[in-house]
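Observations on chain architecture
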Amino acid sequence: MKKTTIFKFILLLLAFPFLAACSDDDDEVPEAGTVQVNIQHIVGSEPLQLNDATYTSPAGDTYTVSDLKYYISNVKLIGSNGQTVYIEPESYHLISQDGKLAFELLDVPANTYNQIELSIGVDEAHNHSTDQEGDLDPSNEMVWDWDTGYKFVSLMGSYTGDTKSGFLVFHIGGDANFKTITLDLPQPIDLRKQTNPELMLQADVNEMFQGPNLIDFDVMNSGGHGAGPSMMAENYSNGFLKITEVKQ
Amino acid sequence: MHLLRYITIASISMLLLPACNEPDAEAPAPQAKRFSPVVPGNLATAVPYPEHNPFTEEGVTLGRMLFYDPVLSANNELSCASCHQQDKAFSDGEALTSIGVSGKQLKRHAPALINLAWMKGLFWDGGAKDIESLAFGPLTHPDEMGQNLKELVLELQSQEKYRKQFRLAFGTDTITSARVAQALAQFQRTLISANSRYDKYVRGESGGHLAEQELQGMALFKQHCASCHATDFFTDNSYHNNGLDSTYSEDFEALAFGRGRISRQQQDIGKYKTPTLRNIQLTAPYMHDGRFATLEEVLDHYRTGVTWSVSLAPELQQNGNLGIPITQEEKKKIILFLNTLTDEDFVQNKALSNPY
């Protein structure tokens, strides 16, 4: 009899935390928050306008943009000690000037973050088959069917160079052109104090065409895989994206 | 007595724990029936499949419905089976067909669909990395089925029979282009052929008699052809230049580079995947562009028609001579042997036929 009572007591003790965990307590520090990432496309110092606006490339050619799409994937947030604290699950975002220009990182643990890590393109584990859903759905027309894989970046338009003019068709992909970059936040975010901070991510199209490789449209105005597009991949991993502001 | 009640309360409390978390976003696990297609022992021990797309009876049924349904094309007139006909071992009998929605002639010959589950790369150049991903090529190509995938999904979603079958196969009636491709791939992996007279001979089964000339043809085949048309798959799943051409146009995004267009390697220009020779009697015309109408023409090419270029297969330039040294008599025996690779069970198998 006595043994049974003790056993009952132990069982209740075991059960209690599970019951209690469901209760809301407003005074507590939040355990997790949401971080919104907003993307703005610019060319040099002007906002990007599809079709209508004419821009000057770093090599001095004039050009227009009719389409700008690219994948941001494998988003992570890095804490003040340099350790990755948050890894976004199923992290594939098809960013498009006339489509998705923002995404939310959900259930981010309440910590302080100083950096964001992200990749441009689709990682090898997801780049070798295209029967995938969501932003990786092949109906988004960011796949190659004749040579299985994703277009990491689609940048199309027209140009007038020094010696010729024509269309710009940059479809960049291939495992070698998958690039991971780490960006510093202008000021840290602290999810114990800020519940829904927004990161303003700016992408400068002109940075696709310079740093380190100056792209002259008279020489290169199209490409998919290989050496030419790799020059642009080096560029987009270097100065194309930056965080300009943290909004509280 | 009371003890039991306490245990119950404690257990229920613990069960409540997941309710505090976010609901699981995963679709419910399909109740579909897993199975392994039968595969004859001389071919393999089991049929390979990607981890994310296992065989289910409902999935294969769905794939077969889709394979034979013209709703898959933009004009609702063409199905996969229009160019992959069962009586021709899932080939079309045309060199370069023009039946696509645009009416424009294709630039490559529709390949036969045989034992695809074991192929590393699909298409003549191996550009498609799996059967699932391959599907979006013919589905969307403007000169083939010309389909917009978003429209296809809506069309399928509007039909009760597809909502039902997708639910049975994948546990959800939300149709996506990925699931269309997965069902098609499941069905196509069941296109297994290894029941020809040759197979029965190899397995020592009844009906497996080979005549003297066919046996001589087999010996010649093993001597001269089996280095590329290897194993009982009759392909090495690799890429070779078999001396059809000596120059390779850069037109049409260097389509004529063959494997070289995919690998972007100079040494692969002009190479194509070794096709299986199973059911070869039924899959004329031959080569990636269907340039040879008969097996006689194919073997005459190997005897006297091989042209040199940098990537020409070393097997076709031995002892300083181009091609394969066989006599007219030997050619006939090889063809007699090749005809023993015709699998009547395969082309008449009801499970693979048009379900409508």
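Everything in this summary refers to the structure shown in the same document. This structure is a prediction, so every number in the text was calculated from the model and none was measured.

A:G211 connects to A:P212 through a cis peptide bond whose omega is 5°. Within the secondary structure layout, A:P212 lies in the loop between β13 (198–204) and β14 (222–223). Even without being glycine, A:D107 reaches a positive phi, approximately 55°. What makes A:D107 partly exposed here is its relative accessible area of 48%. Non-glycine residue B:F252 carries a positive phi angle of around 50°. Along the chain, B:F252 turns up in helix α10 (residues 251–254).

Residue and element names in this part refer to chain A. Examined bridge by bridge, strand β10 (residues 149–160) and strand β11 (residues 165–173) share 9 bridges and lie antiparallel to one another. Bridge assignment links G157 to a residue of β11, and that residue is L168. Where β11 lies against β14, 2 bridges are found, and the strand directions are parallel. By the bridge assignment for β14, F170 is matched with G223.

All names here are of chain A. In the structure shown here, the tally under the stated rule is 22 salt bridges over all chains. D67 is the salt-bridge partner of K69, the closest N and O atoms lying 3.5 Å from each other. In this structure K69 comes out as buried when scored by relative accessible area, which is 18%. It is possible to trace a salt-bridge network through shared partners that takes in D190, R192 and K193.

Parameters at a glance
The numbering scheme is per chain: residues are counted from 1 as the chain's sequence reads. Chain A is the first chain written and ligand 1 is the first ligand written, with later ones labelled in order. With the structure being a predicted model, the display of local features is reserved for residues of pLDDT at least 70 and the display and counting of side-chain atom pairs for 80 or more, all residues being used for whole-chain, interface and lining totals. The basis for the side-chain values is all heavy atoms of the structure; hydrogens and waters are excluded. In DSSP terms, a helix is any run of H or I states spanning at least four residues, a strand is any run of E spanning at least two, and both are numbered starting from the N terminus. When a residue's accessible area, from a 1.4 Å probe over protein chains only, is under 20% of the maximum for its type it is buried; when over 50% it is exposed; and in between it is partly exposed. Two strands make a pair as long as DSSP finds a minimum of two bridges between them. The salt bridge definition used is simple: a Lys or Arg side-chain nitrogen within 4 Å of an Asp or Glu carboxyl oxygen.

Function cannot be read off these values alone, since they describe shape.
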